[in-house]
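Architecture and fold: a report
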Amino acid sequence: TTPSLLLTPYQQTLLSKIHPHLSPTLISSLTETVHKLTTYGKGITACDESAGTIGTRFDNVASIENTEENRRIYRQMLLETDGIEEYLSGAILDPETLYQKSTKSNELFPQSLTNRGIVPGVKPHLKVYALPGMHGDTVMQGLDSLAVRAKEYYNAGARFAKWRSPFTVDMAQGRPTDVAIAANMTDLARYALICQSEGLVPIVEPDVSLVGSHTLEEAVAVNVKIHSLLYKSMLEHGVYMGGATVKTNIVNPGKDCTIKYTVDEIGQANVFFLEQCMPASIRGVNYLSGGQSLSQALGRLDAINRAAKKRGGLPFNLSFSWSQALQLPLLELCSKPGGALKVEEMAEEYVKELKMAALAAKGELECGQSGGDHVPKE
């Protein structure tokens, strides 16, 4: 388990000197939100897909009409199924969902989540933009209007935010480029600084894609490079590190890598990566699923936590923040003709998924429940 996150009076004094732009009340609030988000054995459900992304998922598996009401019904299942509060500490929402009301609790979703002990958050970044001359490397847009939107999101009930910076590894082309890494890590630091000033805990999300043929060793090197610059940028920008958390990819070989790796090797590689560059002041790492199946994501998260225990434990909570891995199996239940959301069936399966994810977040999955080896394609 992680050490106590609550601040002593002298630590409060130190932080006020180091971060004079943050009031003692704001520092305490950010710290308390991090404390809730990093609860041992709990994770974050990512329900921040845009209307377009949900529409694609609806169409791919079930031909469900992509209306605002269908999106609201679907998200209500993800956010208000009985029992999920045993396994969830937070939920990332699309801005649309912040202002939608539950027909079950008759409350806006942020209030409903808060009442059940689940911290509501929001995705504030806008569209991705390809940097010219960088072989396809990208940055996210939305920083210019972030302060105004962050204030609105806080007033709507959000208490944290999440900003994603995606990367693709191509060793032959030198991707990700140094320019793209520097631009994205500076943007994440600015985003974190702005969010904290408006009362939102920033989750910073460097996301290295599974696309490619890179080895696990190359993936470790790339991830260490990205994260090292991220934390340097955050410190240089004056971000309160104890008032932020990380969402990132599990360090994996590229899906076209021809070398076989066991799930235990992947777990050890991830612990090694964290030991090289993760600041102890950041109390939580929530892994994204990033195209992994649920069984892969479960097995690898479990292996990371088991490997961490063998090293005597790490000073940060290691858990999940999944979208596709949890949701695609649920939508498969709706694939029968008719185009209807099978809410009750999905809810039952969803709780089972979250229970396994919570066990993986403690390194306690039972034998036979996990997968996770990287097996080269035939």
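If you're wondering where the values come from, they're calculated on a predicted model, not measured in any experiment. (Residues numbered from 1 in each chain as written. Predicted model: local features only at pLDDT ≥ 70, side-chain atom pairs only at ≥ 80, totals over all residues. Heavy atoms only, no water.)

Remarks on the packing of aromatic side chains
Rule in force here: By convention, a stacked pair of Phe, Tyr or Trp rings (six-membered ring in the case of Trp) has centres within 6.5 Å and planes under 30 degrees apart, an edge-to-face pair has planes over 60 apart, and any other such pair is tilted. A run of H or I in DSSP becomes a helix once it reaches four residues, and a run of E becomes a strand once it reaches two; helices and strands are each numbered from the N terminus. Working definition: with a 1.4 Å probe on protein chains only, accessible area under 20% of the residue-type maximum means buried, over 50% means exposed, and in between means partly exposed.
The tally for this structure, following the rule as stated, stands at three aromatic pairs. A centroid spacing of 5.5 Å and a plane angle of 40 degrees characterise the contact between tryptophan 163 and tyrosine 191, whose relative ring orientation is tilted. On the criterion of sequence distance, the pair formed by tryptophan 163 in strand 6 (residues 160-167) and tyrosine 191 in helix 8 (residues 178-197) is long-range, its members being 28 residues apart. What makes tryptophan 163 buried here is its relative accessible area of 1%.

Some thoughts on the pattern of salt bridges
For the record, the criterion: Definition used for salt bridges: Asp or Glu carboxyl oxygen within 4 Å of a side-chain nitrogen of Lys or Arg.
Counted according to the given criterion, the structure contains 20 salt bridges. Where lysine 104 meets aspartate 82, a salt bridge forms, and the shortest distance between an N and an O atom there is 3.0 Å. Here lysine 104 is found in the loop between helix 5 (95-98) and helix 6 (109-115), whereas its partner aspartate 82 is found in the loop between helix 4 (68-80) and strand 2 (88-93), with 22 residues between them in sequence. The class of aspartate 82 is exposed, set by a relative accessible area of 59%. Here aspartate 137 and arginine 175 are joined by a salt bridge, their closest N and O atoms 2.8 Å apart.

Considerations on the nonpolar core
Across soluble globular proteins, nonpolar side chains have a tendency to be buried as a group. For clarity, the threshold we go by: Only buried residues count toward a nonpolar core, which is a set of Ala, Val, Leu, Ile, Met, Phe, Trp, Tyr and Cys residues joined through side-chain atoms within 4.5 Å. Here a residue-residue contact requires only that any non-hydrogen atoms of the pair lie within 4.5 Å.
Grouped together as the largest cluster of nonpolar side chains are 96 residues, with contacts concentrated most on Tyr191, Met234, Leu274, Leu318, Trp322 and Tyr350. In contact with methionine 234, other than residues within four places in its own chain, are Ala189, Val204, Val239, Met241, Ala244 and Ile282. Formed by 15 residues, the second largest nonpolar core is a distinct cluster that contains Leu30, Leu37, Ile44 and Val119.

Overview of the sheet that holds strand 6
Paired through backbone hydrogen bonds, the strands of a sheet run either parallel or antiparallel to each other. For clarity, the cut-off: What makes two strands pair is DSSP finding at least two bridges between them. To get an axis, fit a line to the C-alpha atoms, keeping to the stretch in contact for a helix; angles then go from 0 to 180 degrees between the N-to-C directions.
If you trace the eight strands once around the closed barrel, you get 1-2-3-6-7-8-9-10, paired in parallel fashion. Put simply, the sheet's adjacent strands are angled 25 degrees from each other on average, direction ignored. By the bridge criterion, four bridges tie strand 8 (residues 245-249) to strand 9 (residues 284-288) in an arrangement that is parallel. Each residue of the ladder has a partner; that of asparagine 249, found in strand 9, is leucine 288. In the packing of helix 8 onto the sheet, the strands contacted are strand 6 and strand 7 (201-208), and the crossing angle to strand 6 comes to about 175 degrees.

A word on the layout of surface pockets
To locate leftover empty space, one rolls a probe as large as a water molecule over the atoms. Using the following cut-off: Both site types are read off a 1 Å grid over the protein atoms alone. A 1.4 Å probe that fits but cannot get out defines a cavity, while an open set with protein on both sides within 12 Å along at least five of seven lines defines a pocket; lining residues have an atom within 4 Å of a point. Grid points are joined across faces, edges and corners, and a volume is the space filled by probe spheres set on the points. Just so you know the grouping, Ala, Val, Leu, Ile, Met, Phe, Trp, Tyr, Cys and Pro go in nonpolar, Asp, Glu, Lys and Arg go in charged, and all remaining residues, Gly too, go in polar.
The computed volume of the largest pocket comes to approximately 850 Å³. Around the largest pocket, the lining is made up of 41 residues, and of these Lys162, Arg164, Glu205, Asp207 and Gln324 lie nearest the centre. Examining the composition of the lining of the largest pocket, we find that four residues originate from one element, strand 6, more than from any other. Per-class residue counts for the lining of the largest pocket are 12 nonpolar, 17 polar and 12 charged.

A look at the environment of glutamate 86
Position of glutamate 86 relative to the elements: it lies in the loop between helix 4 and strand 2. Residue classification places glutamate 86 among the exposed residues on the basis of a relative accessible area of 52%. C-alpha separation for the pair glutamate 86 and valine 351, spaced 265 residues apart in sequence, amounts to 9.4 Å.

Focus: helix 10 (residues 263-277)
Where we set the bar: Here the expected length of a helix is defined as 1.5 Å per residue gap, with one fewer gap than residues.
The terminal C-alpha atoms of helix 10, which comprises 15 residues, lie 22 Å apart, in line with the 21 Å expected from a rise of 1.5 Å per residue. Turning to helix 10, its buried residues are Val263, Ile266, Gly267, Ala269, Asn270, Val271, Phe273, Leu274 and Cys277. As for helix 10, its buried residues are in contact with helix 9 (216-236), strand 9, helix 11 (294-310) and strand 10 (317-322).

Notes on a nonpolar patch on the surface
Here is the rule we go by: Patches here: salt-bridge-free residues with over 30% relative accessible area, like charges joined within 9 Å, nonpolar side chains (Val, Leu, Ile, Met, Phe, Trp, Tyr) joined within 5 Å. Using a 1.4 Å probe, accessible areas were evaluated by the Shrake-Rupley method; residue-level cover was limited to the displayed protein chains.
Residues Tyr10, Leu14 and Ile18 make up a contiguous nonpolar surface patch of roughly 340 Å² in combined accessible area. As for its position among the elements, isoleucine 18 is in helix 1 (residues 9-18). On the basis of relative accessible area, isoleucine 18 is assigned to the exposed category, the value being 57%.

Structural notes on the state of the cysteines
We count it as follows: In this description, the term disulfide denotes a pair of cysteine sulfurs within 2.5 Å.
By the definition in use, this model includes zero disulfides. We note that cysteine 195 lacks a disulfide partner, and the nearest cysteine sulfur, in cysteine 47, lies 19 Å from it. Using a relative accessible area of 0% as the deciding quantity, one classes cysteine 195 as buried.

Observations regarding the environment of arginine 306
Tracing the backbone shows arginine 306 in helix 11. Accessibility expressed as a relative area gives 26% for arginine 306, which makes it partly exposed. For arginine 306 and methionine 134, which are 172 residues apart along the polypeptide, the C-alpha to C-alpha distance reads 38 Å. In this structure arginine 306 touches Asp264 and Gly363, once residues within four positions along its chain are discounted.

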